[in-house]
Amino acid sequence: MAPPHDEKAEIQVNEDSISQRSISNVLFIIAMQTEASPLVNKFQLTEDLDSVFPKGVPWVRYHGKYKDLSINIVCPGKDNTLGVDGVGTVSASLLTYASVQAFQPDIIINAGTAGGFKVFDLYGVGSRQAFYTPNLAKELSLKVGKLSTGDSLDMSTVDETAIHANDATVKDMEGAAVAYVADLLKVPVIFLKAVTDIIDGDKPTAEEFLQNLAAVTLALDQTVTQVVDFINGKSFSEI
Ligand code: FMC
C-alpha cells in the first residue's frame, strides 16, 4: 500500500530543492526591439538565425553566455502584417510558452517599460506569480509594486477603477501574460519595469512614452545588467 500522501511535506521538499538550486539559465521576455538591443550588445549575444521557433513566426531569439549564466533574450519581433513590435499579451503568452518549452529556463525575467502612477510608494505584496526577491530589491534599491497589465497603452476609465482598486502602481502590456504562462509551467518569474510615463500626470501618455523611451531604455539596460550580475552564481534562496 502506498504511504499516506503528505502534500505539505511534498511542497516543502519542492520549495527547498528549488531554493538551493543555483540559477544558471535565464530567459528574458522583452516586447520591443528598442528595449532588447542594448542588452543584446551588453551581453554579447548572437541572434539565432536558424530559429527553434515555428517557421514564419516573427519571434527573435538572441543567446549566449554571460559570466556563469546562459542567457536567452526573446522578442515577439515585428508583426508580419503591420511591421510594428508585437507588443501585448497575446504574443507575450505564446512567446513565453514556446521559449520555456525550448530553453527550459531556471528563471524568467520580463523586462520592459511601463507607465507609472504619481504615487509610487506602495509595497505590493501577495503577487501570485512573481518570485520573491527581497535581497535583490534591497541590494539594488529597486521599488517593489503591483503591476497591472492590459492590451492598451492608454487607460480607459474602467481600467483605471480596477487598477486603483487593486493598488497597482505600474501598468504595462505583457506582464500578466508572462506571469500566467510562468505559473502554468511552474517557472519562477520576476518583472523589471522602467517607467516611461506618468499615467495620471499632465502629459498625454503616448507623447510622454515616445519622448522618454530612449532615456528609460538606457536606465532599464543598466538595471537589467545589475540584476544579471547579482543573480550570477546565486541560488534562488539568495536572491
Ligand atoms: N501603459 C501600458 N504599457 C506601457 C506604458 C503604459 N503607460 N508605458 N510603457 C508600456 C510598455 C508596454 O508593456 C508595451 O510593451 C509598450 O511599452 C507600449 O507599446
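Before any of the text, the structure's been laid out above.
Heads up: these notes are all about the structure in this document.

Reading the values: rules and limits
Residues numbered from 1 in each chain as written. Predicted model: local features only at pLDDT ≥ 70, side-chain atom pairs only at ≥ 80, totals over all residues. Heavy atoms only, no water. Helix = DSSP H or I, 4+ residues; strand = E, 2+ residues; numbered from the N terminus. Buried < 20%, exposed > 50% of the residue type's maximum accessible area, 1.4 Å probe, protein only. Contact = heavy atoms within 4.5 Å. Areas by Shrake-Rupley, 256 points an atom, 1.4 Å probe, with all protein chains shown as cover. Salt bridge = Lys/Arg side-chain N within 4 Å of Asp/Glu carboxyl O. Axes fitted to C-alpha atoms, helices over the stretch in contact; angles between N-to-C directions. Parallel < 35°, antiparallel > 145°, perpendicular 65-115°, else oblique. Left-handed = near helix turned anticlockwise from the far one by under 90°. Nonpolar A, V, L, I, M, F, W, Y, C, P; charged D, E, K, R; others polar. 1 Å grid on protein atoms, 1.4 Å probe; cavity = no way out; pocket = protein on both sides within 12 Å on 5 of 7 lines; lining within 4 Å. Points joined across faces, edges and corners; volume = space filled by probe spheres on them. Near = heavy atom within 4 Å. Polar contact = N/O pair within 3.5 Å; in protein donor to acceptor, adjacent residues only side chain to side chain.

Here we take up the overall build of the protein chain. Looking only at helices and strands, the protein chain has 7 helices and 8 strands in total. A burial count over the protein chain gives 44% of its 239 residues as buried. By sequence separation, contacts in the protein chain at least 24 residues apart represent 72% of the contacts at least 6 residues apart. As displayed, the protein chain has an accessible area near 12800 Å², and 54% of this comes from carbon and sulfur atoms.

Where side chains of opposite charge bring their charged atoms close, a pairing between them can arise. Within this structure, the stated rule accounts for 7 salt bridges. For Arg-21, the salt bridge identified is with Asp-106, shortest N-O distance 3.1 Å. A residue pair is termed long-range when its members are at least 10 positions apart, and Arg-21 in the loop between helix H1 (7-20) and strand S1 (25-29) and Asp-106 in the loop between helix H3 (89-103) and strand S5 (107-116) qualify at 85 residues. We classify Arg-21 as partly exposed; its relative accessible area is 35%. Two residues, Lys-67 and Asp-229, come together in a salt bridge whose shortest N-O distance is 3.0 Å. One end of the pair, Lys-67, is in the loop between strand S3 (60-66) and strand S4 (69-75); the other, Asp-229, is in helix H7 (residues 205-231), and 162 residues separate them in sequence.

A few words on the packing of H3 against helix H6 (residues 175-184). In a pair of packed helices, the angle between the axes and the distance between the axes together describe the arrangement. In the contact formed by H3 and H6, the axes pass within 8 Å of each other and the chain directions differ by 30 degrees. The pairing of H3 with H6 is recorded here as roughly parallel in orientation. For the pair H3 and H6, the crossing hand works out as right-handed. Between H3 and H6, the residues in contact are Thr-89, Ala-92, Ser-93, Thr-96 and Tyr-97 and Ala-177, Val-178 and Val-181, respectively. When its residues are assigned to classes, the contact of H3 with H6 shows 5 nonpolar, 3 polar and no charged.

A word on empty space enclosed by the protein. Summed over the entire model, instances satisfying the criterion amount to 1 cavity of 30 Å³ or more. There is about 40 Å³ of room inside the largest cavity. Along its surface, the largest cavity is lined by Ile-29, Ile-30, Ala-31, Pro-76, Gly-86, Gly-88, Ser-91, Ala-92, Asn-110 and Glu-174. For the lining of the largest cavity, a count of residues per class yields 5 nonpolar, 4 polar and 1 charged.

Our focus in this paragraph is unusual backbone geometry. Residues other than glycine seldom take positive phi values, yet Gln-44 does so here, at roughly 50 degrees. With respect to the helices and strands, Gln-44 occurs in the loop between helix H2 (33-42) and strand S2 (46-47). For Gln-44, a relative accessible area of 66% gives the class exposed. In this structure, Lys-186 takes a positive phi of about 55 degrees despite not being glycine. Turning to its location among the elements, Lys-186 is positioned in the loop between H6 and strand S8 (189-198). The exposure class of Lys-186 is exposed, given its relative accessible area of 64%.

In the vicinity of the ligand, 17 residues are found, and the nearest of them are Thr-113, Lys-171, Met-173, Glu-174 and Asp-197. Thr-113 has a polar side-chain atom sitting 3.0 Å from an oxygen atom of the ligand. Take Glu-174: an N or O atom from its side chain is 2.7 Å from an oxygen atom of the ligand. Bound to the protein, the ligand loses 95% of the 420 Å² it would expose on its own. Only S5, strand S7 (168-172), S8 and H7 provide two or more residues apiece to the shell around the ligand. Per element, the largest residue contribution to the shell around the ligand is 3 residues, and it comes from S5. Taken together, the residues of the shell around the ligand sort by class into 8 nonpolar, 5 polar and 4 charged.

Scope: geometric values only; no functional claims are made or implied.
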